[in-house]
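# Working through the structure, step by step
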Amino acid sequence: MTVNLTRIYTRLGDGGETHLGDMSRVSKLHPRVEAYGALDELNAQLGVALAQPGLPARLAQWLGRVQNDLLDVGADLCVPPQEPTAEGPPGEGAARERLRIGAPYTEWLEARCDEVNAQLEPLRSFIIPGGDPATAQLHVCRTVCRRAERRALAVGDANPEVVRYLNRLSDLLFILSRASNERPESLWEPGAHDSSPSPAG
């Protein structure tokens, strides 16, 4: 698929509306626009993660693939489902074939999750986000990914594989944050600073 960007500004969005992938016009506050906007933010945050020192080369390669796949996910989200019509010859009235992500996208993430998680120590509590710079940024990516997943759910008629992909991607980002961290993990200690009186007192 070829993408040609000859002009960056068009003035078409100055009134608060934008084109979807099927060229229909909607508000920039439309759930579908919110969803692929969150994907764009996630991709940018991944770019920050890749710019951090100390990120293992193998993980960086995987995140580069994820960045490309996120553009596929955005291309899927930006086009509403279309019913093909039977009128006219092919190309005249028939719905144009669109990029839709399938199960292999999510299966690749699951394989990476299993591969890395098998090498990590089991967790005994929730991790407090932080660690070295790459690790801290991967935690940011994970939270943005969770928001993108919620935005995709709000679309309603989105490809179900989009939600599955984002759900699994947030899992992978969490696992990679652990794998990339060279500092001791800081774990949540429930009630560690609770100063309320003891019920027995």
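You'll find the structure just up there.
Quick notes on the rules
Residues numbered from 1 in each chain as written. Predicted model: local features only at pLDDT ≥ 70, side-chain atom pairs only at ≥ 80, totals over all residues. Heavy atoms only, no water. Core = buried A, V, L, I, M, F, W, Y, C linked by side-chain atoms within 4.5 Å. Buried < 20%, exposed > 50% of the residue type's maximum accessible area, 1.4 Å probe, protein only. Helix = DSSP H or I, 4+ residues; strand = E, 2+ residues; numbered from the N terminus. Contact = heavy atoms within 4.5 Å. Axes fitted to C-alpha atoms, helices over the stretch in contact; angles between N-to-C directions. Parallel < 35°, antiparallel > 145°, perpendicular 65-115°, else oblique. Left-handed = near helix turned anticlockwise from the far one by under 90°. Nonpolar A, V, L, I, M, F, W, Y, C, P; charged D, E, K, R; others polar. Phe/Tyr/Trp six-rings, centres within 6.5 Å; stacked < 30°, edge-to-face > 60°. Salt bridge = Lys/Arg side-chain N within 4 Å of Asp/Glu carboxyl O.

## Let's talk about the nonpolar core
One finds Leu42, Leu70, Tyr165, Leu166, Leu169 and Leu173 to be the most contacted residues of the largest nonpolar core, which totals 38 residues. Only helix 1 (31-50), helix 2 (57-77), helix 3 (103-117), helix 4 (133-155) and helix 5 (160-180) provide two or more residues apiece to this core. Looking at this core, the element that brings in the most residues is helix 5, giving nine residues. Those residues within four positions of leucine 169 in sequence are excluded, and the remaining contacts are Leu42, Val66, Leu70, Leu109 and Cys145.

## Concerning the environment of valine 116
Note that valine 116 resides in helix 3. With 62 residues separating them in the primary sequence, valine 116 and arginine 178 have C-alpha atoms 9.4 Å apart. Setting aside anything within four residues of it in sequence, one finds valine 116 in contact with Arg58, Trp62, Ile175, Leu176 and Ala179.

## Focus on the packing of helix 1 against helix 2
Following both chains from N to C, one finds helix 1 and helix 2 inclined at 165°, their axes separated by 10 Å at the closest point. Looking at the two axes, helix 1 sits roughly antiparallel to helix 2. Viewed along their axes, helix 1 and helix 2 form a crossing whose handedness is left-handed. For the pair helix 1 and helix 2, contact is made by Arg32, Ala35, Tyr36, Leu39, Leu42, Asn43, Leu46, Gly47 and Leu50 and by Ala60, Leu63, Gly64, Val66, Gln67, Leu70, Leu71, Val73, Gly74 and Leu77, respectively. Looking at the contact of helix 1 with helix 2 residue by residue, the classes come out as 13 nonpolar, five polar and one charged.

## Let's talk about the packing of aromatic side chains
Counted according to the given criterion, the structure contains two aromatic pairs. Between tyrosine 105 and tyrosine 165 the ring centres are 6.4 Å apart and the planes differ by 75°, which places this aromatic pair in the edge-to-face class. Of the two residues, tyrosine 105 sits in helix 3 while tyrosine 165 sits in helix 5, which places them 60 residues apart along the sequence. Pair check on accessibility: tyrosine 105 and tyrosine 165 agree, each one buried. Where phenylalanine 126 meets tryptophan 188, the ring centres are 5.8 Å apart and the plane angle is 40°; that geometry is what we call tilted.

## A few points about the side chain of histidine 139
Inspection of the secondary structure puts histidine 139 in helix 4. The buried category is assigned to histidine 139, whose relative accessible area is 5%. With near-sequence residues (within four places) excluded, histidine 139 lies in contact with Ile127, Pro129, Gly130, Phe174 and Ser177.

## Points about the pattern of salt bridges
Following the criterion strictly, the structure yields 11 salt bridges and no others. One salt bridge in this structure joins arginine 65 and aspartate 69, with 3.4 Å as the shortest N-O distance. Here the residue arginine 65 and the residue aspartate 69 both occupy positions in helix 2, the gap between them amounting to four residues, near one helical turn. Judged by relative accessible area, which is 8%, aspartate 69 ranks as buried. When the shortest N-O distance is used, the salt bridge between arginine 146 and aspartate 171 registers 3.4 Å. Within this pair, whereas arginine 146 is found in helix 4, its partner aspartate 171 is found in helix 5, the two being separated by 25 residues in sequence.

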